[in-house]
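These are the residues of each chain, in order.
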Amino acid sequence: MRFRKILRLVFGLLLVAVLLHRLGPAEVARTIISARPDCVLIAVSVYSITFLILSTRWRLILHDMGGDIPLRSAYQAFAGGMILSDITPARIGELSRPLLVRDEVEMSRGLASVFLDRLSDIITILILGACGLILFFREGVIAIPLMLAIVALSSAAVLHFRRAISERLRGSDHLTPIAIFFEALSDVNDIRFVMLRSILLTVIAWVTHALRVYILAISVGQEPSLQMLFLLLPLVSALSLIPVSISGLGLVEGGMAALLASQGIPASTGLSIAFMDRMVTVAFHIIAGGRAASRVL
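In this report, we go over the structure that sits alongside the text.

Calculation criteria
Residues numbered from 1 in each chain as written. Predicted model: local features only at pLDDT ≥ 70, side-chain atom pairs only at ≥ 80, totals over all residues. Heavy atoms only, no water. Helix = DSSP H or I, 4+ residues; strand = E, 2+ residues; numbered from the N terminus. Buried < 20%, exposed > 50% of the residue type's maximum accessible area, 1.4 Å probe, protein only. Areas by Shrake-Rupley, 256 points an atom, 1.4 Å probe, with all protein chains shown as cover. 1 Å grid on protein atoms, 1.4 Å probe; cavity = no way out; pocket = protein on both sides within 12 Å on 5 of 7 lines; lining within 4 Å. Points joined across faces, edges and corners; volume = space filled by probe spheres on them. Nonpolar A, V, L, I, M, F, W, Y, C, P; charged D, E, K, R; others polar. Bend = angle between axes of the 7 residues up to and from the residue.

Glancing now at the overall build of the protein. Assigned secondary structure in the protein consists of 13 helices and zero strands. Listed N to C, the secondary structure of the protein is α-α-α-α-α-α-α-α-α-α-α-α-α in terms of helices and strands. Within the protein, buried positions represent 49% of all 297 residues. Accessible area for the protein stands at about 14,500 Å²; split by element, carbon and sulfur atoms hold 67% of it.

Here it is as structure tokens:
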């Protein structure tokens, strides 16, 4: 397992090295150094609001499952889970979030809440991505709507039959933990309302995600389309779910550079913005969630 992590880290660093070699490390460094500090601080402030929205989303899901935790605990645990996602492939470290609140919420409910939380993320990414591809590129968009339909239908089936699945799995000792997981999902009475509210909050959060990157671009004298960032940045972020590097290292940066290049921003500047965004988000995760993450590290 450790060897695989090292391989993924090496692969991500190689991707970064290739990007720097092709686009010019000196130019990228100059662009980052030239960034306006006031804009970077504003970007950090915007990200703190993003975390408030996402933490509130998760806390509301927990509340609907009968697990109440203070917003401060949810905020710190969310940030702590993001630290662990920053050092794991496909961001699976976020699954550790229930461990960070295990004194306040039982594990089955915690895991079920993270499942719904991540599901709302995936559905929102696909919806925004499909809209963005149709609006900005008008071609090659069949795959995204198809994936959205598959995810939506399969999710709807699992959530609709969650009680029946739980009862069926209860008959096997080996599957009891999975049955308990589905029982926790069954504690949510109006699952459709919970998902719609979560998706709405996720859409609002993506507005702030786009605004953060927009402000970082402004800090180096560029002005991409905020609408484009709002609709297509989710697809760039989804590259972090591909488990070939740690937290999508190299993939996300390359994707963001390509996305910004489509707006006429030089690729080297786009890569600089991507690196700045990585530094801002990771630094914030450590500051806001370092104490919580230390409980499971």
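Moving on: empty space enclosed by the protein. Per the stated rule, a full pass over the model turns up one cavity of 30 Å³ or more. In this structure, the largest cavity encloses a volume near 530 Å³. What lines the largest cavity is a set of 32 residues, and nearest its centre among them are Met-82, Arg-91, Trp-206, His-209 and Ser-237. For the lining of the largest cavity, the secondary-structure elements that each account for two or more residues are α3 (37–64), α4 (71–86), α6 (107–136), α10 (191–219), α11 (226–238), α12 (251–261) and α13 (267–293). Among the elements that take part in the lining of the largest cavity, α13 stands out by supplying six residues, more than any other. Tallied by class, residues from the lining of the largest cavity come to 15 nonpolar, seven polar and ten charged.

Take α13 next. Considering bend angle alone, the principal kink of α13 is centred on Ile-287 and spans about 45°. Across the 27 residues of α13, 19 count as buried, placing the element largely inside the fold.

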